[in-house]
Amino acid sequence: MDALDRVVKPKTKRAKRFLEKREPKLNENTKNAMLIRGGNANLTVTEVLKDIYAVKKPFAVLYKKKNITRPFEDQTSLEFFSKKSDCSLFLFGSHNKKRPNNLIIGRMFDYHVLDMIELGVEKFVSLKDVKNSKCPEGTKPMLIFAGDMFDVNEEYRRLKSLLIDFFRGPTVPSIRLAGLEYVLHFTAVDGKIYMRSYKVLLKKSGCKIPRIELEEMGPSLDLVMRRTHLASDDLYKLSLKQPKALKPKKKKNISHDVFGTTYGRIHMQKQDLSKLQTRKVKGLKKRPAENLAEDGGVTPKKSKSA
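All residue numbers refer to position in the chain's written sequence, counted from 1. Note on the predicted model: pLDDT of at least 70 is required for a residue's local features to be given, and 80 or more for side-chain atom pairs to be given and counted; whole-chain, interface and lining totals, by contrast, use all residues. To obtain the side-chain values, all non-hydrogen atoms of the structure were included, while hydrogens and water were left out.

The line we're drawing: UniProt positions are given in the numbering used here, feature names are shortened, and annotations may be inferred rather than shown by experiment.
An unreviewed UniProt entry annotates the protein as Ribosome production factor 2 homolog of Serilophus lunatus. Under the heading Sequence similarities (unreviewed entry), UniProt records this for the protein: "Belongs to the RPF2 family." According to the UniProt record, the Subcellular location (unreviewed entry) comment for the protein reads "Nucleus, Nucleolus".

Structure below.
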């Protein structure tokens with residue numbers, strides 16, 4: 001869509017750049033997240049939001065003021081903040097007697113809430129409580145999920161997709177070994193989700209491949225799933241739809257196996273192999289004696305002349 005065809009025409013160049021940034025693109029921008037404190041957030045929830053913000057920076061916005069809202073009952077304020085800050089992910093923290101140390105993680109589709117899952121914090125270890133070296137800001141983490149529940153249960157499967165969306169960071173064209181220095185590990189077992197973060201240490205091993213060690217870095221969370229608000233199958237399928245320009249064009253007679261090997265099929269007309277001209281090798285040529293033996297004849301002896 002051209003800048004002149006917009007319904008809202010910009011009056012300044014800055015406004016024009018702002019609207020162009022918000023326009024649909026073939027390759028989307030890195031998803032930003034907004035972290036919001038509820039009106040009754042306690043110290044634990046506030047520290048959790050600050051630590052997640054430190055992990056997610058620079059693709060995050062932390063709202064320091066308290067916002068009196070209940071996402072499961074009214075989502076208008078979340079949708080307003082999403083449109084204002086251009087964030088498609090959110091983490092809302094609150095605390096009350098019925099649901100202590102409460103976190104709500106969710107994502108937007110077209111500035112409307114798509115998925116939303118409520119998690120309770122049972123144990124929390126902050127970044128500052130772990131006295132180890134930290135990764136630099138903006139480090140892209142490696143995500144590891146352990147537990148059958150992430151593949152069997154639909155709610156846990158959607159939570160896994162949500163966590164990948166939240167923490168995956170920017171899409172990179174290539175990877176270098178030294179850049180793999182941060183691991184986020186999620187384990188689902190006995191109805192709980194354990195989130196652990198580690199720094200990757202590359203040690204000398206005496207060969208080209210270094211020895212890997214993991215050092216706990218923080219934050220560390222023990223979570224339990226509470227309420228869920230999941231999108232319908234049709235809406236979820238619509239949110240995953242890709243533009244035609246990004247879909248790979250199907251090539252005829254070319255297939256791939258599970259290992260990525262490419263196979264091609266060639267169609268040829270039927271050939272008469274009896275008239276096929278092959279290379280004549282002198283060593284394979286039959287001798288006269290062999291021809292007679294195949295015909296069942298006997299080789300005549302030459303008579304000596306008197």
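Next comes the rest of the description.
Some details on the pattern of salt bridges
What counts is decided by this rule: A carboxyl oxygen of Asp or Glu within 4 Å of a side-chain nitrogen of Lys or Arg is what we treat as a salt bridge. Secondary structure is summarised from DSSP: a helix means a run of H or I of at least four residues, a strand means a run of E of at least two, and numbering begins at the N terminus for each. Burial status follows relative accessibility: with a 1.4 Å probe on protein chains alone, a residue under 20% of its type maximum counts as buried, one over 50% as exposed, and anything between as partly exposed.
Counted under the stated rule, the structure contains 14 salt bridges. The closest approach of N and O atoms between Lys128 and Glu47, which form a salt bridge, is 3.7 Å. Of the two residues, Lys128 sits in the loop between strand 5 (112–125) and strand 6 (142–146) while Glu47 sits in helix 2 (residues 43–56), which places them 81 residues apart along the sequence. Residue class for Glu47 comes out buried when judged on its relative accessible area of 16%. Two residues, Glu154 and Arg158, come together in a salt bridge whose shortest N-O distance is 3.3 Å. Here Glu154 pairs with Arg158, and both are found in helix 5 (residues 154–167), just four residues apart, close to one helical turn. Judged by relative accessible area, Arg158 falls into the buried class, the value being 5%. Because the salt bridges share partners, they merge into one network encompassing Lys31, Arg107, Asp115, Glu154, Arg157, Arg158 and Asp165.

Quick look at the pairing of strand 1 (residues 33–38)
Note the cut-off: The pairing criterion is simple: DSSP has to find at least two bridges between the two strands.
With six of six residues buried, strand 1 lies mostly within the body of the structure. Here strand 1 shows no split at all, with Ala33, Leu35 and Arg37 on one side and Met34, Ile36 and Gly38 on the other all buried. By the bridge criterion, six bridges tie strand 1 to strand 2 (residues 60–67) in an arrangement that is parallel. Pairing of Ala33 across the sheet is with Ala60, part of strand 2.

Side note on the packing of aromatic side chains
Inclusion rule: To pair, rings of Phe, Tyr and Trp, with the six-membered ring standing in for Trp, must have centres within 6.5 Å; the planes then decide the type, stacked if under 30 degrees apart, edge-to-face if over 60, and tilted in the middle. The criterion for a charge sitting over a ring is simple: Lys NZ or Arg CZ within 6 Å of the ring centre, and within 35 degrees of the ring normal.
Counted under the stated rule, the structure contains seven aromatic pairs. Summarising the aromatic geometry, the rings of Phe150 and Tyr156 are spaced 6.2 Å apart at their centres and angled 70 degrees between planes, so their arrangement reads as edge-to-face. Neither Phe150 nor Tyr156 differs from the other in exposure class; each is buried. One aromatic cluster is present, formed by Phe145, Phe150, Tyr156, Phe166, Phe167 and Phe186 through successive ring pairs. When the ring centre of Tyr236 is taken as origin, the NZ or CZ atom of Arg158, which lies over that ring, is 4.0 Å away. Between the NZ or CZ atom of Arg227 and the centre of the ring of Phe72, over which it lies, the distance is 4.3 Å.

Some details on the nonpolar core
Definition in use: Among buried residues, those of type Ala, Val, Leu, Ile, Met, Phe, Trp, Tyr and Cys that are joined through side-chain atoms within 4.5 Å constitute a nonpolar core.
One finds Ile52, Ile105 and Phe167 to be the most contacted residues of the largest nonpolar core, which totals 35 residues. Among the elements that line this core, the one with the most residues is helix 5, at six residues. Among the nonpolar cores identified, the runner-up in size contains twelve residues, and Cys87, Phe90, Phe92 and Met108 belong to it.

Describing helix 2
Basically, it comes down to this: Under the convention used throughout, the expected extent of a helix is 1.5 Å for every residue step, that is, one less than its residue count.
The first and last C-alpha atoms of helix 2 sit 20 Å apart over 14 residues, in line with the 20 Å expected at 1.5 Å per residue. All of the buried residues along helix 2 are Val45, Thr46, Glu47, Val48, Leu49, Asp51, Ile52, Val55 and Lys56.

Thoughts on the side chain of Arg99
Put simply, the rule reads: Pairs of N or O atoms within 3.5 Å make up the polar contacts considered here, provided that, within protein, one atom can donate a hydrogen while the other can accept it, and that residues adjacent in sequence are counted only when both atoms are side-chain atoms. The contact rule is simple, with two residues in contact once any of their heavy atoms fall within 4.5 Å.
Secondary-structure assignment places Arg99 in the loop between strand 3 (89–94) and strand 4 (102–109). For Arg99, a relative accessible area of 19% puts it in the buried group. Among the polar contacts listed, one links the side chain of Arg99 to the side chain of Glu118, at a separation of 3.3 Å. The contact partners of Arg99, leaving out residues within four places of it in the chain, are Glu118, Arg226 and Arg227.

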